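Structural features, examined
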Amino acid sequence: MYRATIPPPAAGPFKDHTGGLLGETVTQPRVDPPRLDTKRRQTLVNLLNALNELSQTESLGRDFDQNPSFEDDGDVPTVDEQLQVAGAEAFNKFQKRINSLDKELRNFGNAARQLGSSVGILSSAFRLRERLAQILFLFRDNAADLFPRKISRQQREFLVNPNLMDRKRKARRRKSMPGRVPANVEDSLDLESLPEQFESFAGALMTFLKCLNEFPEFTDEAVNTSIKSFEGDLKYWACCLQDYRGQFKYPAVQRYVHDLTAEMGEHIDSITGTLSMFIEVGVPTIRFAQKHGAANLLTLSTVATFFSAVTATTLQFSYSQTGDMLSDGVNAFWFSSLVFSIAAAVNSLLGLSWKQAMYRSPGDRVPWWVLIWIKRSPLVFLVMSVACFSAGLVLFTYSTNQGKVTSTITTVFTAFTSFGLAAVSAWFASERWTFVHHRGSKWLSDVLKDALRRFMALRLVSIVSKCFGFGSQYVQKGVEFAGHKFRRMSSVGTLTATALEQGDSLPTGEYAHTVSRPLEPLSPLSPIRQSTDSYSHLSAEGPPHPNLESPTTTFSGTSNTPNTPRDRLTSAIRSVMMLQSATSSSSHPFSFPSRKRTTSSAFTDVSRGISETSGTTTFKGSKVSSLIPKLKSLEATQDLAAHSALVRHLQFSPNGKFLATSSWDRTSIIFRVGDPCVPHRVLAHASGFVGQVAWSPVGVLLLTRLNRAIKIWTEDGVCRKTIERHHHVQSIAWLPAGEAFLSVEGSEVVKLDLNGNVLDTYHFNRVLIHDIAITPDLQRLLGVGPILYSPKGLHPSKSRVEKQLLVYNVETKVIENQTPVLNDVRDITLAKNGQVALVSYENKAFPQLWKLEMVKDQARLTLRHTYMPKVPVDFAGPSYFGGKDDQLVLCAGKAGDIHIWDRDSAVLLHHVRAQALGGDLTCIAWNHASDNPFMFATGSHDGAVRLWTTANDHRPSEPSHRLFPVTAQSTPHSVTPRSPSPVDNGTRTDSTSTQFGEYTSEPLTVSPIEDSGQRDRIVTFAHTRGQ
């Protein structure tokens, strides 16, 4: 036994069966050469390799038929370090968002304390913070179950509760009250209560928004929109989660809850941003408005107090004069003025105190008479006080026998100021009435104009106005005509005298040249004026063209300068005519820019060779180590110009002899697999895109799916039956025996026989099924798709709709299990053994492997693996099983990447990077009948279909049998009508004209065709009889 201490192996290579580092070369222990010789080092390496092999064998050979508990199974899909880190990062990001919103709510509470009537908004903000703390606690508890190595649980006594101390104080006060049981919200915090927590959270949000909108001084639509959107999504999630009662400890439901953190985080960020803006802009605006109102009340109180002092002072001169009517009237008015002024001052101070109180009720919670008394009475009392004082002052001048001038002037001025006060008061009251009735959509002037227009529309008023209108028009026309005649006579006389004087002073030969001048157009800024001036300059030197003559104007009784609008219009028309004649005679034609056609291509100029792998990872002693060399030798050996449009779907026949493709060019092609692969039959469709092809289990029949029809073909291209459907057909799937097939139509799955007869219908209620798979025992259906609405008919406001993976019992016609997912699920593929299903998503969501387990005679889907690439990839089409016994999982990326994983360990075995002949992929299919060599096909946007095989199948062949030359460079290309396609040049079968057994056309051989430099390849369709 060696005495040397053996260092423990690194933790990375010893991950369990979902670890991404399975089979990686083990880092050898670093030891000093003087202490261990070569033999000892070799022994240690062998020992570590044996331990690694035993660990991998145990994980790969784990029995999938076991039914572990949910708690034990909770960490199975997330034991991979990458998933653990990603999940922990997602939760930490969500926690930061919650903390940011809590901080903003805390800042908002501190800022709102300075506002009046802020007790409601402070209380709602505290309750909202409490709900946030409880939601964060539940999500932390959920994340701790999923990622126990990264997320730690939080003790309930450390639950952050902004109202905790206040609640404890209230609980102490209520201890002595009989019959009251103190509620402890923390004791009910459990994942099962998550729907109720969402409902309470939504209610707290709406209460906060309602309190926020009770400040009429400032309204932020961004805050309203963000909070209402979040409230709608919370109610939608709460309603949808009601269906999973008792399942919140299931890993699948926990992952769905964890995925909601991203959706909630977007809402929280939006509310945080808008709330921060409200604090910066809204709170100062509200504070300024409240201070402005308080200042007005304070000013009003000051004026009322001063006026009451003035009134009391004047009363000293009149209160002793009594006995006659005038003296009693003066005292009555001045005493009334004193009462009104004192009431105005007191009510102003009362309103000031009420507005500044933080505990006052909002405006909509106060009775109308209280609001009127507090807000309107001070100003009304002050106006009445002024009016009474003015009336008493007028009477005082007469009661004291003042002079007539004094009495008259005082009466006139008092009447004038009182009229102005009454007019302004009426205008102010009218503006108030306009605001109440139109809410800012109209001003008082608009209302007055509308009233005047309605008044003018009266019959009598319209007749009178028309009469006045006609009379004024006749008078105006007469005046204009007389003025025009007068100006015309004066201008003609002046110009004639001037011309005669110039003619006498010049020689005879120069007279015509002097009189000749260009016409004056409309204005100095007009483009006609500028062009005419340029031609006038040319006329001084001579006409530039024989057809271009200098325009001249003679004195045939007209003025040289147009004065009236008619003359100016005539001058402008003449200038335009001369400009057009000069332009048409010009010898310089117009030149139009030529339009160049551009093409776009995603292909890059890279050299074609053996595909690069994602790394140099080796798998010593692993069950999948033998697959690595074969997968590394995969290359595109054949390139088929199959279609003239996007390849939507393709599938190999069960015997591997044929490859069926479907395209948006309304055709489906059956290729005979070989070297080379040649088109066997072209299946033409009269209308509609061909979305899917499906070979029967025995491989003698082929289904093609249209929008509202399904066609049944033989392998020889004969259309046996066209089955019309009334609804859109989303997907089709054969039954294992091949006697019937399933048609997915909305929320129903219809079972049809080969004659189109409906055998049975399966309803999936609120779920829009996208794809379906049936177990080999015909007992259950596996469906995927989004839900149309929640159980209460709700729809999400902003977030993504919920999708579900369903297990449907065919015999009882009951949904046994429903698993929520958030990503856009599109396809589901069942393995041959019927125990695991491969679920594919859209965009950048990773494909996943789900296991079908039986729990108490009911089937249930549990997540086993998530197949993650090295870098984010936008996946194209569904993922498929491949290899012997479906041991591989392969998926294509839209950019041309192809990923191949080991099914049982989720290890990325091979990565084919995007190449010139592999870009813009749309779908992929594996040939299950060809285990050695491996073979799969890919379809692309340009209509090409490429066959990939391993190096074992690569044999030298004649150049005429190669479908494309192996060149060192590839030029960008695009599909044109001249591209060689079997649709135009191959054997064609039209389903509209060919019926049972009527196909008699001979196969057609197409010679190599050059594609005018569009593609750097040569495509040959070779097909001989009997091949």
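Treat the numbers as computed from the prediction; the structure is a model and nothing was measured. (Residues numbered from 1 in each chain as written. Predicted model: local features only at pLDDT ≥ 70, side-chain atom pairs only at ≥ 80, totals over all residues. Heavy atoms only, no water.)

Contact geometry of helix H8 (residues 251–315) with helix H11 (residues 377–399) gives a least axis separation of 11 Å together with a crossing angle of 25°. Here H8 is positioned roughly parallel relative to H11, judged by the angle of their axes. For the crossing formed where H8 meets H11, the hand is left-handed. Every residue of H11 that contacts H8 at Leu300, Val303, Ala304, Phe307, Val310, Thr311 and Thr314 is listed here: Pro378, Leu379, Leu382, Ser385, Val386 and Phe389. (Axes fitted to C-alpha atoms, helices over the stretch in contact; angles between N-to-C directions. Helix = DSSP H or I, 4+ residues; strand = E, 2+ residues; numbered from the N terminus. Parallel < 35°, antiparallel > 145°, perpendicular 65-115°, else oblique. Left-handed = near helix turned anticlockwise from the far one by under 90°. Contact = heavy atoms within 4.5 Å.)

On to the packing of aromatic side chains. Here the structure, examined in full by the defined rule, presents 21 aromatic pairs. Relative to Trp901, the ring of Tyr867 lies with its centre 5.6 Å away and its plane at 45°, an arrangement referred to as tilted. Of the two residues, Tyr867 sits in the loop between strand E21 (858–866) and strand E22 (875–882) while Trp901 sits in strand E24 (residues 898–902), which places them 34 residues apart along the sequence. Positioned above the aromatic ring of Phe934, the side-chain terminus of Lys630 is 4.0 Å from the ring centre. Arg860 extends its terminal NZ or CZ atom over the ring of Tyr250, reaching a point 5.3 Å from the ring centre. (Phe/Tyr/Trp six-rings, centres within 6.5 Å; stacked < 30°, edge-to-face > 60°. Lys NZ or Arg CZ within 6 Å of the ring centre and 35° of its normal.)

A few words now on the packing of helix H12 (residues 404–438) against helix H13 (residues 444–456). It is the contact of H12 with H13, at a shortest axis distance of 9 Å, that shows an interaxial angle of 90°. Between H12 and H13, the crossing angle belongs to the class labelled roughly perpendicular. Only Leu444, Val447 and Leu448 of H13 make contact with H12, whose side of the interface consists of Trp427, Ser430, Glu431, Trp433, Thr434 and His438. Partitioned by chemical class, the residues of the contact of H12 with H13 number five nonpolar, three polar and one charged. (Nonpolar A, V, L, I, M, F, W, Y, C, P; charged D, E, K, R; others polar.)

What follows deals with the sheet that holds strand E20 (residues 848–855). The four strands are arranged E18-E19-E20-E21 in an open sheet whose pairing can be described as antiparallel. Edge strands, defined here as strands with exactly one partner in the open sheet, are strand E18 (825–830) and E21. Shown here is a sheet whose adjacent strand axes are inclined to one another by a mean of 30°, direction ignored. Pairing of E20 with E21, which is carried by eight bridges, proceeds in the antiparallel orientation. Its bridge partner lying in E21, Gln848 is registered against Thr866. (Pairing = 2+ DSSP bridges.)

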